[in-house]
Amino acid sequence: MSPLHRRKDEDRGELTRVMDVPTMLAVILYFFIPSATSGAILNDEAGGHHPYQHNSLPPFVDVLPPGPFYDVERSANVTALVDQPAELNCRVNKIGNRTVSWLRHRDTHLLTVGPYTYTSDQRFRAVHTPGSEDWTLTVKFAQVRDSGMYECQVSTTPPMRHYIWLTVVEPKTTIFGGPDVFINRGSNINLTCVVDYTPKPPSYVIWKHNSKVITYDSERGGVSVVTEKGPRTTTNLLVRGAFPKDSGTYSCNPSSAPVAEVVVHILNGEHPEAMQHGGHSPSEVSALLLGAAVTLAAALN
């Protein structure tokens, strides 16, 4: 090895010893983050290519970009309840004298510019406190049709864009195990109903059997209900010792959500598969399939 090459290797080794890992990382971030955050991203829509900036700070980076950037952790997607207010927050750091606008992405409709609203739909409103980094789009009485992507745009050159997805959900009622439940005679009927996406827990949940309210002090006896209210309300119906007359449609009726139903079948020793195959037992179905396969094989030979 020549003295010149040996000297270059020694210089590189000396640089590695002097710069520890955090220092080297800081140098890399200094040179690469500005170019990465100011680069153009292509948006393929309406048959065209539209370059835009999307300055945002990854959660693991400690070095701030030089210009405006989004705080993506505080500008997240939103799930709202129908007929309740929805709030889409966009946090922009180092905005300077630039303006934030909100657009509805599906039709590129301009909703707000700064504190001003530019839509005839008065449910939409821009909220911003002077000196704050938060620019909020509020939607009063949100509807399912409001679901979709919204754009928070900063008036840089070219514009910076950050997208937030709004999902508006309606109250939902579900009975597990439906739409058909098969119970052996003498076993317990155990049904669980769950109520989701209600502004507040339902004031009551009523169980019905064949459209008649199930009463717990009836002559039949053996009926109990346990209900736990909360953001997700759960109610459990237990009917002990099922008889054939307990067959039929069971419905869960919350005060503030749709009705859910299941059909309960009380079996007298037959298999559920037999009921679903027009009265044939599983062994009969297997025999029929085997016979068909033998006949097809013989015909091919």
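Further up the page is the structure itself.
What you see is a predicted model; the values in this text were computed from it and never measured.

Draft legend 1. Region of interest: the overall build of the chain. Each helix and strand in the chain was counted, giving four helices and 21 strands. About 18500 Å² of surface is accessible on the chain, with carbon and sulfur atoms providing 57% of the total.

Draft legend 2. Focus on the layout of surface pockets. Within this model, the largest pocket holds a volume of roughly 290 Å³. Lining the largest pocket are 13 residues, and of these His209, Ile214, Ser218, Arg220 and Asp246 lie nearest its centre. Looking at side-chain class alone, the lining of the largest pocket contains five nonpolar, four polar and four charged residues.

Draft legend 3. Region of the structure containing empty space enclosed by the protein. Under the definition given, this model contains one cavity of 30 Å³ or more. Lining the largest cavity are Val100, Trp102, Gly114, Ala126, Val127, His128, Trp135 and Thr136. Sorting the residues of the lining of the largest cavity by element identifies strand S6 (100-104), strand S9 (124-127) and strand S10 (134-139) as the ones contributing at least two each. Of the residues in the lining of the largest cavity, the class split is five nonpolar, three polar and no charged.

Draft legend 4. View of the pattern of salt bridges. Under the defined criterion, the tally for this structure stands at eight salt bridges. When the shortest N-O distance is used, the salt bridge between Asp107 and Arg104 registers 3.0 Å. Between Arg232 and Asp196 there is a salt bridge; the shortest N-O distance is 2.7 Å. Remark: Asp196 occurs in strand S15 (residues 189-196) and Arg232 occurs in the loop between strand S18 (223-228) and strand S19 (233-239); sequence separation between them is 36 residues.

Draft legend 5. Molecular detail of the side chain of Thr138. Position of Thr138 among the secondary structure elements: in strand S10. Once residues lying within four places of it in the same chain are set aside, the contact partners of Thr138 are Ala86, Glu87, Arg123, Phe124, Arg125 and Val127.

Draft legend 6. Layout of the state of the cysteines. Per the counting criterion, the structure on display carries two disulfides. What pairs with Cys90 in a disulfide is Cys152, and their sulfur atoms sit 2.1 Å apart. Across the S-S bond of Cys90 and Cys152 the torsion is about -85°, and the bridge reads as left-handed. Here Cys152 lies in strand S11 (residues 148-154) and Cys90 lies in strand S5 (residues 86-93), a separation of 62 residues in the sequence.

Draft legend 7. Representation of the sheet that holds strand S13 (residues 172-175). With antiparallel pairing, four strands are arranged side by side in an open sheet as S13-S15-S19-S18. Each of the sheet's edge strands pairs with one partner strand only, and the pair in question is S13 and S18. Put simply, the sheet's adjacent strands are angled 15° from each other on average, direction ignored. Where S13 and S15 come together, four bridges link them in antiparallel fashion. Bridged to Ile175 within S15 is Cys193.

Calculation criteria
- Residues numbered from 1 in each chain as written.
- Predicted model: local features only at pLDDT ≥ 70, side-chain atom pairs only at ≥ 80, totals over all residues.
- Heavy atoms only, no water.
- Helix = DSSP H or I, 4+ residues; strand = E, 2+ residues; numbered from the N terminus.
- Areas by Shrake-Rupley, 256 points an atom, 1.4 Å probe, with all protein chains shown as cover.
- 1 Å grid on protein atoms, 1.4 Å probe; cavity = no way out; pocket = protein on both sides within 12 Å on 5 of 7 lines; lining within 4 Å.
- Points joined across faces, edges and corners; volume = space filled by probe spheres on them.
- Nonpolar A, V, L, I, M, F, W, Y, C, P; charged D, E, K, R; others polar.
- Salt bridge = Lys/Arg side-chain N within 4 Å of Asp/Glu carboxyl O.
- Contact = heavy atoms within 4.5 Å.
- Disulfide = S-S within 2.5 Å.
- Pairing = 2+ DSSP bridges.
- Axes fitted to C-alpha atoms, helices over the stretch in contact; angles between N-to-C directions.

Read these as spatial facts, not as claims about activity.
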